[in-house]
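Observations on the model geometry
Chain by chain, the residues run as shown.
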Amino acid sequence: MVADMDGAKGNNHKTNSSGVCSSRRSDTSLSPAAQNNKPPKDDGSTPNDKNSSSRHPDVPERVTLKKEIGLLSACTIIIGNIIGSGIFISPKGVLEHSGSVGIALIVWVLGGCIAALGSLCYAELGVTIPKSGGDYAYVTQIFGGLVGFLLLWSAVLIMYPATLAVIALTFSNYVLQPVFPNCVPPYMATRMLSTACLLFLTWVNCSSVRLATRIQDIFTVGKLLALCLIIVVGLIQISNGHYEGLTPQVAFKFSTTPSVGQIALAFLQASFAFSGWNFLNYVTEEVVDPRRNLPRAIYISIPLVTFVYTLTNIAYFSSMSPEELLSSNAVAVTFGEKLLGMFSVIMPISVALSTFGGINGYLFTSSRLCFSGAREGHLPSLLAMIHFKNCTPIPALLVCCTATVVILCIGETHNLINYVSFINYLSYGVTIAGLLYYRWKKPNIYRPIKVNLLVPVCYLLFWALMLAFSLHSEPLVCGVGLVIMLTGVPVYFLGVHWKHKPKCIYDFIEWATYVGQRLCCVVFPQVDPIELNPPSEWTDKSSGRSSMSANS
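Reading the values: rules and limits
- Residues numbered from 1 in each chain as written.
- Predicted model: local features only at pLDDT ≥ 70, side-chain atom pairs only at ≥ 80, totals over all residues.
- Heavy atoms only, no water.
- Helix = DSSP H or I, 4+ residues; strand = E, 2+ residues; numbered from the N terminus.
- Buried < 20%, exposed > 50% of the residue type's maximum accessible area, 1.4 Å probe, protein only.
- Contact = heavy atoms within 4.5 Å.
- Areas by Shrake-Rupley, 256 points an atom, 1.4 Å probe, with all protein chains shown as cover.
- pLDDT = per-residue confidence, 0-100.
- Salt bridge = Lys/Arg side-chain N within 4 Å of Asp/Glu carboxyl O.
- Core = buried A, V, L, I, M, F, W, Y, C linked by side-chain atoms within 4.5 Å.
- Expected span 1.5 Å × (residues − 1).
- Arc of directions from axis to C-beta.
- Axes fitted to C-alpha atoms, helices over the stretch in contact; angles between N-to-C directions.
- Parallel < 35°, antiparallel > 145°, perpendicular 65-115°, else oblique.
- Left-handed = near helix turned anticlockwise from the far one by under 90°.
- Nonpolar A, V, L, I, M, F, W, Y, C, P; charged D, E, K, R; others polar.
- Polar contact = N/O pair within 3.5 Å; in protein donor to acceptor, adjacent residues only side chain to side chain.
- Phe/Tyr/Trp six-rings, centres within 6.5 Å; stacked < 30°, edge-to-face > 60°.
- Lys NZ or Arg CZ within 6 Å of the ring centre and 35° of its normal.
- Patch = residues over 30% accessible without salt bridge, like charges linked within 9 Å, V, L, I, M, F, W, Y side chains within 5 Å.

**Considering the overall build of the protein**
Helix and strand content of the protein: 22 helices and two strands. Out of the 552 residues belonging to the protein, those deemed buried represent 53%. Taking the intrachain contacts of the protein between residues at least 6 apart in sequence as the baseline, contacts between residues at least 24 apart amount to 81%. Accessible surface, the protein as shown: approximately 24300 Å² in total, 65% of it carbon and sulfur.

**A short note on the environment of Leu151**
Mapped onto the elements, Leu151 comes out in helix α8 (residues 145-176). In sequence terms Leu151 and Ile423 are 272 residues apart; their C-alpha atoms lie 8.2 Å from each other. Leu151 has contacts with Asp135, Val139, Ser427 and Met485, leaving out every residue within four places of it along the chain.

**What about the confidence of the model for the protein?**
Mean pLDDT over the protein works out to 78, with 81% of the residues at or above the 70 mark. Per-element averaging of pLDDT across the protein places helix α1 (residues 32-35) at the bottom with 36 and helix α9 (residues 187-207) at the top with 91. Segment residues 1-55: pLDDT under 50, and 109 contacts once partners within four positions in sequence are set aside and those in other chains are kept. In the predicted structure, residues 538-552 sits below a pLDDT of 50 and forms 21 contacts with residues beyond four places in sequence or in another chain.

**Concerning the pattern of salt bridges**
Applying the stated rule across the entire model yields six salt bridges. A salt bridge links Lys338 to Glu324, with the nearest nitrogen and oxygen atoms 2.9 Å apart. Of this pair, Lys338 sits in helix α15 (residues 331-339) while Glu324 sits in helix α14 (residues 322-327); the two residues are 14 residues apart in sequence, bridging distant segments of the chain. For Lys338, a relative accessible area of 44% puts it in the partly exposed group. The exposure class assigned to Glu324 is partly exposed, which follows from its relative accessible area of 32%. Residues joined by salt bridges that share partners form a network here, namely Glu124, Arg439 and Arg447.

**A closer look at the nonpolar core**
One recurring pattern in soluble globular proteins is that nonpolar side chains are buried together. Ranked by internal contacts, the top residues of the largest apolar core, which has 145 residues, are Phe88, Ile230, Leu280, Tyr309 and Ile359. The element best represented in this core is α8, accounting for 18 residues. Aside from chain neighbours lying at most four places away, what touches Tyr309 is Ile82, Ile83, Ile87, Trp108, Ala273 and Phe274.

**Things to note about helix α7 (residues 135-143)**
For α7, a buried count of seven out of nine residues is recorded, marking the element as mostly surrounded by other parts of the structure. Within α7 the residues assigned to the buried category are Asp135, Tyr136, Ala137, Tyr138, Val139, Thr140 and Ile142.

**What to know about helix α19 (residues 454-473)**
With 20 residues, α19 ought to run about 28 Å at 1.5 Å a step, and its terminal C-alpha atoms sit 28 Å apart, in line with that. Inspection of α19 places Val455, Pro456, Tyr459, Leu460, Phe462, Trp463, Met466, Leu467 and Ser470 among the buried residues, and these make up the whole buried set. Take α19 and look down its axis: the buried residues cluster within an arc of 165°, on one side only. Seen from the open side of α19, the exposed residues pointing more than 90 degrees away from its buried face are Leu454, Leu461 and His472.

**So, the packing of α8 against helix α17 (residues 394-410)**
Running from amino to carboxyl end, α8 crosses α17 at an angle of 65°, the nearest separation of the two axes being 8 Å. Classified by the angle between their axes, α8 and α17 sit roughly perpendicular to one another. For the pair α8 and α17, the crossing hand works out as right-handed. Between α8, through Pro161, Ala162, Leu164, Ala165 and Leu169, and α17, the contact on the second element is made entirely by Ala403, Thr404, Ile407 and Leu408. A per-class count over the contact of α8 with α17 returns eight nonpolar, one polar and no charged.

**Focus: the packing of α8 against helix α21 (residues 488-497)**
Interhelical geometry of α8 versus α21 gives an angle of 115° and a closest axis separation of 10 Å. In the crossing of α8 with α21, the sense of the turn from one axis to the other is right-handed. Facing α8, whose interface residues are Gly145, Leu146, Phe149, Leu150 and Trp153, α21 presents Gly488, Val489, Val491, Tyr492 and Val496. Looking at side-chain class alone, the contact of α8 with α21 contains eight nonpolar, two polar and no charged residues.

**Describing the side chain of Asn360**
Examined against the element boundaries, Asn360 turns out to sit in helix α16 (residues 346-375). Polar side-chain contacts of Asn360 include one of 2.9 Å to the side chain of Gln216. Once residues within four sequence positions are removed from consideration, Asn360 is found in contact with Leu201, Asn205, Ala212, Ile215 and Gln216.

**Let's talk about the packing of aromatic side chains**
If you walk through the whole model with that rule in mind, you get 24 aromatic pairs. Here the aromatic residues Tyr122, Tyr138, Trp277, Tyr425 and Tyr428 are joined through ring pairs into a cluster of three or more. Cation over ring: Arg368 sits above Phe364, and NZ or CZ is 4.1 Å from the ring centre.

**A look at the environment of Ala512**
Here Ala512 is to be found in helix α22 (residues 503-520). Overall, the relative accessible area of 28% leaves Ala512 in the partly exposed class.

**Section: a nonpolar patch on the surface**
Together, Phe143, Leu146, Val147, Tyr437, Trp440 and Phe493 give the surface a local cluster of nonpolar side chains, amounting to about 560 Å² of exposed area. For the nonpolar patch, the secondary-structure elements that each account for two or more residues are α8 and α18 (413-441). In this fold, Phe143 is placed in helix α7.

**Side note on the side chain of Ser119**
Note on placement: Ser119 falls in helix α6 (residues 101-128). Dropping the residues within four chain positions of it, Ser119 is found in contact with Trp277, Ile298 and Ile302.

**Remarks on unusual backbone geometry**
Excluding glycine, a negative phi dihedral is what most residues carry, and trans is how most peptide bonds are arranged. Of note, the phi angle at Asp289 is positive, near 50°, even though the residue is not glycine. For Asp289, the position within the fold is in the loop between α12 (260-273) and α13 (290-319).

See below:
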């Protein structure tokens, strides 16, 4: 997979008569005039005039990732990736570790506040380093290739495939629940339905960015409507006087006195439920006006999710005792059975729709991570190519789908998630630490958004505390997570750092890339020549100098 990962950078390419790129090159495709450093002949016509007569009407003028994610779609990507199956089936984890209803609600609110602090830091990074790839792109830019590759390696190898597998299994379990009401759905049935769902959504994402974002929009609205139903029913319960469990004397009555470590584990449960707040940063280059819409989407989405999560938990506690909630494996389903009567079937359907949208969001964003890694030369160059007409990263999508199906076949997905959740949390801290380092390293670079220094410092203090308690309470899980990440070190030095490989390896990679291009109809994205040589450093506007003065 990574035999010639450096082949995606720094090498020229040749194009055969059919227009398929047949060897290694960077992620740019220049016109012949630009490649030869010669201006085109001034014959009174423009390049577009010359090409318009021969261009197929369905082929775009430039083969590049399309900027089709507006503010609404940006918000639904964040909300859709945060709201998965967790809020419907696992609030009991927070209650179990916090020991009381009151502390559990405080943990949910503070969990949203921590996610907001992290998202503010990512907003600054996203507009300062406007690249797709999220954590990986920022860490690679700030700390160099090895650290970035380790994040990429663990994410592509285990983290995102395992997460996708768990979401797909949750989807199939809830879809099949009415068919098998008195027993657990069969192993093969859940795997086959999960695989069918993955294949369908992979096809959708390969076909059209617009179609994938529309699906995300629709299913995100569906998730919010399902949660609104829970909230409305809960508020009706409260208005009818059923709020005994929410009164201070009852809410803060501890079933067991929690230790500091237990409170920390409750925060970890809540923070995992908020995971996905950074996913818009993976598709920055497809966002319309990212320096404006990326931070706006974050400012809208995180408070909205925190508000909805808190009200949903209040609704749960207004209708269920702590004992009922702790004994339930599917809180939303138990809630529906207790209050909705014949309409209780709405709850498993809502969970299925929620997870379906979650699968689509994870596929959309994780494939862009593979695309960004290949573009930086850390993965095979074929993964940096997009379809010549649909402008979608088909090879990267196929890799994500295949890895997830393999994880599904292994079966131990939940154990894998325990291992890689530590890696995921570790990557957040490393990235935000990179924000502080980047400010020190390049203080004058232009930052459209510059958060208060207390924001990253507070996040890192909380992160260090949670990490310490995780290492103390689950040393084996954290150790295995670190081992998974560190297996990428020899792969990096063999696949990326080693520049002079035997010719037979290059020949094989060239042949495999050619075959992959033929099968997927993909080429390297094109950029305008003017985009290739940006100013080396954009100075801060507050410095009083023009942003272009460094090159004037």
